[in-house]
Amino acid sequence: MDGSRSDESAVSAFSTAIIARTCSLFLDLGPKTRAPATDLPTEILLRIFRLVYVENRSLQLESFHSDRVCEDWTHEEPLSPALFPFAIAAVCSRWCDVAATVPECWTRMTIKVDKNPTDISAIRACLWWSRSLPLDITVTRSVVDNDTPDEVECQRAQNIRALLRPHFKRIRRLHISVLHSATLPFLFTNLDGPAELLQSLKLASAIDDGNSTRTRPSHGPLVAPVLDTLDISGRCLQDGLLQNPAHIALMPKITSINISRYRPSGANAVGLSLWQTLRTLSQLPMLDDLTFCDVHFDTNQNIPAGATFSLSRLQTLAFEKLDDSRVLKAVFAVLITARLSSTIITDCKVTTLSRICFTDYLTFENMDVSNNFVNMLCHWNGSSLTLDNCAGVDDNFFDIITRPFRSTSEDECYMAPRMTKLRLLNCDRFTAPALRRFIQARVRAASAPQWGFLNPQATESDEEDMLTMNTKAIGWLDVRGRGPVIAEADAAWLSGHVSMFSWDALQPDGKKYVVEYYSRKVVVK
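Calculation criteria
As a convention, each chain's residues are numbered from 1 in the sequence order in which they are written. Only residues with pLDDT of at least 70 get local features here, since the model is predicted, and only at 80 or more are side-chain atom pairs given and counted; chain-wide, interface and lining totals rely on the full set of residues. With hydrogens and water stripped out, all remaining heavy atoms of the structure feed into the side-chain values. Between the N-to-C directions of two axes lies an angle of 0 to 180 degrees, each axis being a line fitted to C-alpha atoms and, for a helix, fitted only over the stretch in contact. The helix count covers DSSP runs of H or I at least four residues long, the strand count covers runs of E at least two residues long, and both are numbered beginning at the N terminus. Roughly parallel means an angle under 35 degrees; roughly antiparallel, over 145; roughly perpendicular, 65 to 115; everything else is oblique. When checking whether two residues touch, look at their non-hydrogen atoms; a contact exists if any pair is within 4.5 Å. Only rings of Phe, Tyr and Trp enter the pairing, Trp through its six-membered ring, and a pair is recorded when the two centres are within 6.5 Å. The plane angle decides the type: under 30 degrees is stacked, over 60 is edge-to-face, the rest tilted. Only protein chains enter the accessibility calculation, which uses a 1.4 Å probe. A residue is then buried if its area is under 20% of the maximum for its type, exposed if over 50%, and partly exposed in between. Should the NZ of a Lys or the CZ of an Arg lie within 6 Å of a ring centre and within 35 degrees of the ring normal, that charge is described as sitting over the ring. Here a polar contact means two N or O atoms within 3.5 Å. Within protein one must be a hydrogen donor candidate and the other an acceptor candidate, and residues neighboring in sequence count only if both atoms are side-chain atoms. Residues belong to a common nonpolar core when they are buried Ala, Val, Leu, Ile, Met, Phe, Trp, Tyr or Cys residues joined through side-chain atoms within 4.5 Å. pLDDT expresses how confident the predictor is about each individual residue, on a scale running from 0 to 100.

1. Some words on the packing of helix H11 (residues 395–402) against helix H12 (residues 432–447)
- Following both chains from N to C, one finds H11 and H12 inclined at 10 degrees, their axes separated by 9 Å at the closest point. Between H11 and H12, the angle falls in the class roughly parallel. From H11, Asp-395, Phe-398, Asp-399, Ile-401 and Thr-402 reach across to H12, where they touch Ala-434, Leu-435, Arg-437, Phe-438 and Ala-441.

Right, here's the structure in full:
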């Protein structure tokens, strides 16, 4: 077999080698030049392959929320040119034959469904060589072009599912990332029966094709008693869980859900039902990590009278590319009694959002100038704020949060009074003096007598410890990525008044302004 090109994925090279090997059984291609490494004794090759196998394994937590440690594959890009064992098996027929005798090597599979798909014979070989061991399977594409549809992708995926169906009981991870949502399997029909080992399931597409016209097969429901992580497209959620909410009971151990890509086209297109989605998710007793990404929700649908649900167990929450701030408002209303450890808001419209539930770590990413989130900080009582690539973070932003607002007493209170950590990543519209004035105001407020002032904008629904407004100084400040220059005087003052201070700001000309930790000097690199 020929070796793979450096720019070709190991999976593609392996698939090509299997095809070439099959052809050579019927064609006399004459003698081939053999490299010395191909003639190594089998025992030596096996020892080498097992060493490489061990290097690709590590001790990891059994699941994101588990304390149990187990050996697992280390993360590597599925289409990497060096992906084990495909890169080794593509070197020559003998190396492939030797590797095939070690079933553990073939428990990780990558299958391509693009216009240069993995050959069926290569898939069969991997399934056979893995014997009866648990499998981690990734179905993906090397090229994703939203402007160029792939009419055959769905048929390729169906052929692959037919091959995988007899092995479904031993699949531990199944990650499918394709171009069209119509290519994805129906959650409770194409994926059916008991999946006793399935821990992680991903069904994602780059394009939402709208309502599917495919005929649904009449298989039984998916039973996944140990499924921990579900990454699912909005279309699969609509066709699966929302139309069959009772089936959620068949996946009781889910702790993490990511719902993505639901963009129906047309002027009268209806979004995903928000209240039905939240109600369905509330039936998961162990759910504590939730992400909504690029989903168009229907927020006009009224919640039926008497309908109650709660997501009080939730710990981490993320919103990404949501075009309606009413979605965030509705979710936060459901979570009014929750105490989140982390909330991440990325590229979302939040102009009409003024309240968020309690969350300790708050992150805003890729927020443009029109999405002013200052109002949200009036009601935020967490400890750590991260602002990443937010155009609205300028001198005016710091001037606003520097100014105190009055409480019911005669003393002053500040926004985000409990914040002690501030990270500014890729924010280059503010100046160092404006940031210094903000830090100075917090230092003065923290040194003044503290009496647990009442937040004038709090409501009776807030918990008692959210009403107090004791202002804390910033003890941890990190500025990095794209950022402003800093003068020696500002660097010296910030270093002296912030316990953990770092500044590594990249300029448009490629230079970096770095404040050295010990000398507190500004160095231009």
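2. Topic: the packing of aromatic side chains
- Per the stated rule, a full pass over the model turns up 17 aromatic pairs.
- Plain terms: the ring middles of Phe-14 and Trp-106 are 5.6 Å apart, the flat faces sit at 35 degrees to each other, and that makes the pair tilted. Of this pair, Phe-14 sits in helix H1 (residues 10–24) while Trp-106 sits in the loop between helix H4 (93–99) and strand S3 (108–112); the two residues are 92 residues apart in sequence, bridging distant segments of the chain. Comparing Phe-14 with Trp-106 shows no difference in burial state: the two are buried.
- For the pair Tyr-53 and Phe-84, a centre-to-centre distance of 6.4 Å together with 50 degrees between the ring planes defines the contact as tilted. With Tyr-53 in helix H2 (residues 42–55) and Phe-84 in the loop between strand S2 (69–73) and helix H3 (86–89), this pair connects stretches of sequence that are 31 residues apart.
- In this structure Tyr-53 comes out as buried when scored by relative accessible area, which is 13%.
- Residue class for Phe-84 comes out buried when judged on its relative accessible area of 4%.
- Here the aromatic cluster, defined as three or more aromatic residues joined through ring pairs, consists of Phe-14, Phe-86, Trp-106 and Trp-129.
- Between Arg-339 and the ring centre of Phe-358, over which it is positioned, the NZ or CZ distance is 4.1 Å.

3. What to know about the side chain of Thr-107
- Mapped onto the elements, Thr-107 comes out in the loop between H4 and S3.
- Given a relative accessible area of 8%, Thr-107 falls into the buried group.
- Polar side-chain contacts of Thr-107 include one of 3.2 Å to the side chain of Trp-73.
- At 3.0 Å, the side chain of Thr-107 and the backbone oxygen of Glu-104 are in polar contact.
- Not counting chain neighbours up to four residues away, the residues in contact with Thr-107 comprise Arg-57, Trp-73, Leu-133, Pro-134, Leu-135 and Asp-136.

4. Concerning the nonpolar core
- Counting 135 residues, the largest nonpolar core has Phe-364, Phe-398, Leu-435 and Trp-503 as the members making the most contacts within it.
- For this core, the leading source of residues is helix H5 (residues 120–129), giving six residues.
- Those residues in contact with Phe-398 that sit more than four places away from it in its chain are Val-393, Leu-422, Leu-424, Phe-430, Ala-434, Leu-435 and Phe-438.

5. Concerning the confidence of the model for the protein chain
- Per-residue confidence for the protein chain gives a mean pLDDT of 84; residues scoring 70 or more make up 84%.
- Contacts from residues 1–5, a stretch scored under 50 in pLDDT, to residues over four places away or in other chains number 15 contacts.
- Within the model, the stretch residues 452–468 combines pLDDT values under 50 with 40 contacts to residues more than four positions away or in other chains.

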